[in-house]
Amino acid sequence: MEITVTNLSKSFDGRQVFSQVSQTFRTGDIYCLMGTSGSGKTTFFRILLGLDQPDSGTVSGTEGAFLSAVFQENRLCESFSSLDNVLMVFPKVTKEIRESVKEDLCKLLPEESIYRPVSTLSGGMKRRVAVCRALAVPFDAVLMDEPFTGLDEDTRRKVIEFVKQKTAGKLAIISTHQEEDVPLLGGSLIRLTAEEKGI
Ligand SMILES: Nc1ncnc2c1ncn2[C@@H]1O[C@H](COP(=O)(O)OP(=O)(O)OP(=O)(O)O)[C@@H](O)[C@H]1O
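Here we summarise the structure given alongside this text.

Quick notes on the rules
- Residues numbered from 1 in each chain as written.
- Predicted model: local features only at pLDDT ≥ 70, side-chain atom pairs only at ≥ 80, totals over all residues.
- Heavy atoms only, no water.
- Helix = DSSP H or I, 4+ residues; strand = E, 2+ residues; numbered from the N terminus.
- Near = heavy atom within 4 Å.
- Polar contact = N/O pair within 3.5 Å; in protein donor to acceptor, adjacent residues only side chain to side chain.
- Areas by Shrake-Rupley, 256 points an atom, 1.4 Å probe, with all protein chains shown as cover.
- Core = buried A, V, L, I, M, F, W, Y, C linked by side-chain atoms within 4.5 Å.
- Buried < 20%, exposed > 50% of the residue type's maximum accessible area, 1.4 Å probe, protein only.
- Pairing = 2+ DSSP bridges.
- Axes fitted to C-alpha atoms, helices over the stretch in contact; angles between N-to-C directions.
- Contact = heavy atoms within 4.5 Å.

So, on to unusual backbone geometry. The phi angle at Asn-7 is positive, at roughly 50°, despite the residue not being glycine. Structurally, Asn-7 can be placed in strand E1 (residues 2-12). Of note in this structure, Asp-13 is not a glycine but carries a positive phi near 50°. Note on placement: Asp-13 falls in the loop between E1 and strand E2 (15-26).

Next comes the structure, spelled out in structure tokens:
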């Protein structure tokens, strides 16, 4: 698939967040979206997901596509286990799906923790559950808003490897504040800067 944004502009209350952003995102590639706090990364994701409208410009290629997402907040059900938080996104849970989700979760978390309510997990553990859930479902493209926040260096690398494996041959757009993530992900760097007002 290919997502193309053309001359995308967005302002809030008369304050320009970004303007005239044009970019093509192609399947098989990872795009790392970087920009200072407030440069509009979350807003850009929300527009791609159709949750917000641009003031002007267009997004094409997302019609009929399955877009998966990790939002800036985890959006987990705190009283459910990690396992159930991931399984809940499947319309029908088969034995195979359950086993494969367990296997994926265990790549990122200690096995005992995947049966505990999410409310008992650390912030970094919850983040890993959110990442695992977004990548568990079939998707054409995944959009991840700062998925590696709250992770120590070793865990961060482990999660990056997991993301690379799970997004192979698909389209991934990932926002990050750490430039070193770009080579680790083998991604293309795209800057969304307030100064340039575009990427
Ligand atoms: N619904 C809204 N109403 C008014 N202003 C908003 C709204 N959503 C975002 N903004 C403003 O738009 C700007 C961009 O916000 P956004 O969250 O997209 O930035 P960001 O690059 O994701 O920031 P961060 O790196 O801190 O997560 C900010 O100044 C923010 O206050």
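We now examine the site of the ligand. Around the ligand, the structure places 14 residues, and the nearest of them are Arg-15, Ser-37, Lys-41, Thr-43 and Gln-72. In the environment of the ligand, an oxygen atom lies 2.5 Å from a nitrogen or oxygen atom belonging to the side chain of Arg-15. Note that an oxygen atom of the ligand is positioned 2.6 Å from one of the side-chain N or O atoms of Thr-43. Considered on its own, the ligand offers 640 Å² of accessible surface; in the complex 62% of this is hidden by protein. Tallying contributions element by element places helix H1 (residues 41-48) first for the shell around the ligand, with three residues.

On to the nonpolar core, then. One recurring pattern in soluble globular proteins is that nonpolar side chains are buried together. Formed by 37 residues in total, the largest nonpolar core has its most connected members in Leu-105, Leu-135, Met-144, Phe-148, Val-163, Ile-174 and Leu-185. The set of elements that each furnish at least two residues to this core consists of strand E3 (30-34), helix H2 (82-87), helix H3 (95-108), helix H4 (123-136), strand E6 (141-145), helix H5 (153-167), strand E7 (171-175) and helix H6 (181-185). Looking at this core element by element, the count peaks at seven residues for H4. Listed in part, the 19 residues of the second largest apolar core include Ile-3, Leu-48, Leu-143 and Ile-173.

In spatial order, the strands read E5-E6-E7-E3-E8; together these five strands make up an open sheet with parallel pairing. Every interior strand has two partners, whereas the edge strands, strand E5 (67-70) and strand E8 (188-191), have only one. This sheet shows a mean twist of 20° between the axes of neighbouring strands, independent of strand direction. Pairing geometry for E3 and E7, over four bridges, is parallel. What sits directly across from Cys-32, in E7, is Ile-174. Those strands touched by H4 are E5 and E6, and its axis lies near 180° from that of E5.

Mapped onto the elements of the fold, Arg-127 is located in helix H4. A distance of 2.8 Å separates the side chain of Arg-127 from the side chain of Asn-74, its partner in a polar contact. In contact with Arg-127, not counting residues within four places along its chain, are Val-70, Phe-71, Gln-72, Glu-73, Asn-74, Asp-145, Glu-146, Pro-147 and Thr-149.

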